Amino acid sequence: MTHIYDLIIIGSGPAGLSAAIYAQRARLDTLVIEKAMVSGGQVLTTYEVDNYPGLPGIGGYDLGLKLREHADKLGARFAEDEVQSVEDKGPGQTKVVHGFGGTYEAKALILATGAIHRKLGIPGEETLAGAGVSYCATCDGAFFRNKVTAVIGGGDVAVEDAIFLARMCSKVYVIHRRDELRAAKSLQESLFALDNVEIVWDTVADAVCGEGMVNGLEVTNVKTGEKRKLEVQGVFIAVGISPESKPFEGLAEMEHGYIKAGEDGVTSAEGIFAAGDVRTKQLRQIITAAADGANAVTSAERFLSRG
Ligand code: NAP
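Residues numbered from 1 in each chain as written. Predicted model: local features only at pLDDT ≥ 70, side-chain atom pairs only at ≥ 80, totals over all residues. Heavy atoms only, no water.

Chemist: Explain the nonpolar core to me, please; I cannot follow it from the model alone.
Modeler: Soluble globular proteins tend to bury their nonpolar side chains together. By size, the foremost hydrophobic cluster in this structure holds 30 residues, and its most contacted members are Leu-7, Ile-9, Leu-63, Ala-71, Ile-110, Phe-273 and Val-297. Of all the secondary structure elements, the ones that give two or more residues to this core are β1 (4-10), α1 (14-25), α2 (60-73), β6 (103-111) and α6 (286-305). Among the elements that take part in this core, α6 stands out by supplying 7 residues, more than any other. Here Val-297 is in contact with Leu-7, Ala-19, Tyr-22, Ala-23, Leu-28 and Ile-110, once residues within four sequence places are set aside. (Core = buried A, V, L, I, M, F, W, Y, C linked by side-chain atoms within 4.5 Å. Buried < 20%, exposed > 50% of the residue type's maximum accessible area, 1.4 Å probe, protein only. Helix = DSSP H or I, 4+ residues; strand = E, 2+ residues; numbered from the N terminus. Contact = heavy atoms within 4.5 Å.)

Below, the structure is given as structure tokens:
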């Protein structure tokens with residue numbers, strides 16, 4: 001017979017790990033299901049985190065490890081599996097989680113699967129992925145030492161990536177579709193101070209060029225219509241994120257793929273809570289993900305104590 005947990009947390013980014021910490025403190029019989037071998041989610045690929053209180057400038061990978069260590073220290077249990085679907089047996093019944101590796105059952109669930117990189121959908125993006133096209137500057141930046149690269153996007157991730165790449169690349173273009181960046185002002189100031197960064201405003205990328213390896217990026221200025229080809233060896237795409245919510249389709253109400261939930265994590269499905277980037281919210285950052293984890297466990301505890 002399958003063991004029935006009080007709580008299953010799906011995902012082990014800052015939201016899932018914070019939830020694991022709070023669930024251990026609440027003495028809930030909990031299992032965390034994580035897809036990757038290393039916990040931390042998107043944080044792992046962040047070069048430097050400069051806005052998490054008390055830990056200025058900590059490396060993303062180190063912060064991910066610290067969060068995991070904290071959960072481990074409190075005795076959290078983890079299973080490595082990729083969740084395919086969730087079956088809600090209805091009010092007062094359990095929720096059954098189906099993964100590639102097994103089936104798990106609990107009285108309550110916290111969905112904390114986060115989000116993944118959005119694709120641009122231009123020619124060359126898919127065929128040259130891993131051959132000069134990347135979605136992770138901290139993972140792949142070192143391959144472009146003394147080379148010319150382009151970052152596409154104008155948000156926090158694009159600007160952080162460009163600042164990181166400028167340390168090793170001879171030149172970095174930032175291709176942004178508007179004449180104003182979306183990124184935090186402090187990041188913009190750091191970017192504007194760099195000599196080897198050129199911001200290409202009002203411009204969209206049309207195609208990544210190259211046979212086997214990237215050798216250029218075709219772009220168009222949306223105001224003038226002018227087309228040009230930038231000679232680059234690397235293209236870093238940072239045009240936002242998409243929620244990792246596919247396994248939960250039909251389970252709870254969603255909005256543009258995000259699970260509808262407020263700060264308390266309560267979704268339209270009884271006993272199912274959402275935390276972190278996968279839920280509808282204003283600000284997707286590590287601090288708000290961590291807060292979500294704590295709130296979702298508090299809501300789950302209340303739900304479980306009702307019996
Ligand atoms: P984001 O804030 O949604 O920014 C995406 C950027 O890509 C925007 O500048 C957007 O342009 C552009 N874009 C979107 N679709 C595009 C397309 N089809 N063609 C060209 N450009 C396109 O996403 P993000 O930078 O990945 O960040 C994700 C979340 O994580 C955000 O909430 C962010 O604040 C958070 N985050 C925070 C930090 C931090 O606090 N240090 C660090 C990393 C991430 P427009 O501006 O014109 O819309």
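Now that the structure has been shown, we can carry on.
Chemist: Whenever I open this one, the sheet that holds strand β9 (residues 148-152) confuses me. Can you help?
Modeler: Through backbone hydrogen bonds, the strands of a sheet pair up, either in parallel or in antiparallel fashion. Taken in spatial order, the 5 strands make up an open sheet running β8-β15-β9-β10-β11, and their pairing is parallel. Across the chains shown, the open sheet's two edge strands, defined by having one partner strand only, are β8 (133-134) and β11 (197-200). Along the sheet, helix α4 (residues 156-166) makes contact with β9, β10 (171-175), β11 and β15 (234-237), crossing β9 at roughly 170°. (Pairing = 2+ DSSP bridges. Axes fitted to C-alpha atoms, helices over the stretch in contact; angles between N-to-C directions.)

Chemist: Explain the environment of Ala-20 here, please?
Modeler: Tracing the sequence through the fold places Ala-20 in helix α1. Each C-alpha atom, one on Ala-20 and one on Leu-74, is 8.8 Å from the other, the two residues being 54 residues apart in sequence. Excluding its chain neighbours within four sequence positions, the residues that come into contact with Ala-20 are Ile-9, Val-32, Ala-71 and Ala-76.

Chemist: Help me understand the state of the cysteines, please; the structure alone is not making it clear to me.
Modeler: Here, disulfide denotes a covalent bond that connects the sulfur atoms of two cysteines. Summed over the entire model, instances satisfying the criterion amount to 1 disulfide. Paired through a disulfide, Cys-136 and Cys-139 show a sulfur-sulfur distance of 2.0 Å. Its S-S torsion of approximately 75° makes the covalent link between Cys-136 and Cys-139 right-handed. Relative accessible area serves as the criterion here: at 9%, Cys-136 is assigned to the buried category. The class for Cys-139 is partly exposed, based on a relative accessible area of 42%. Not engaged in a disulfide, the cysteine Cys-169 finds its nearest cysteine sulfur in Cys-136; these two sulfurs lie 13 Å apart. Cys-169 sits in the buried class, given a relative accessible area of 4%. (Disulfide = S-S within 2.5 Å.)

Function cannot be read off these values alone, since they describe shape.
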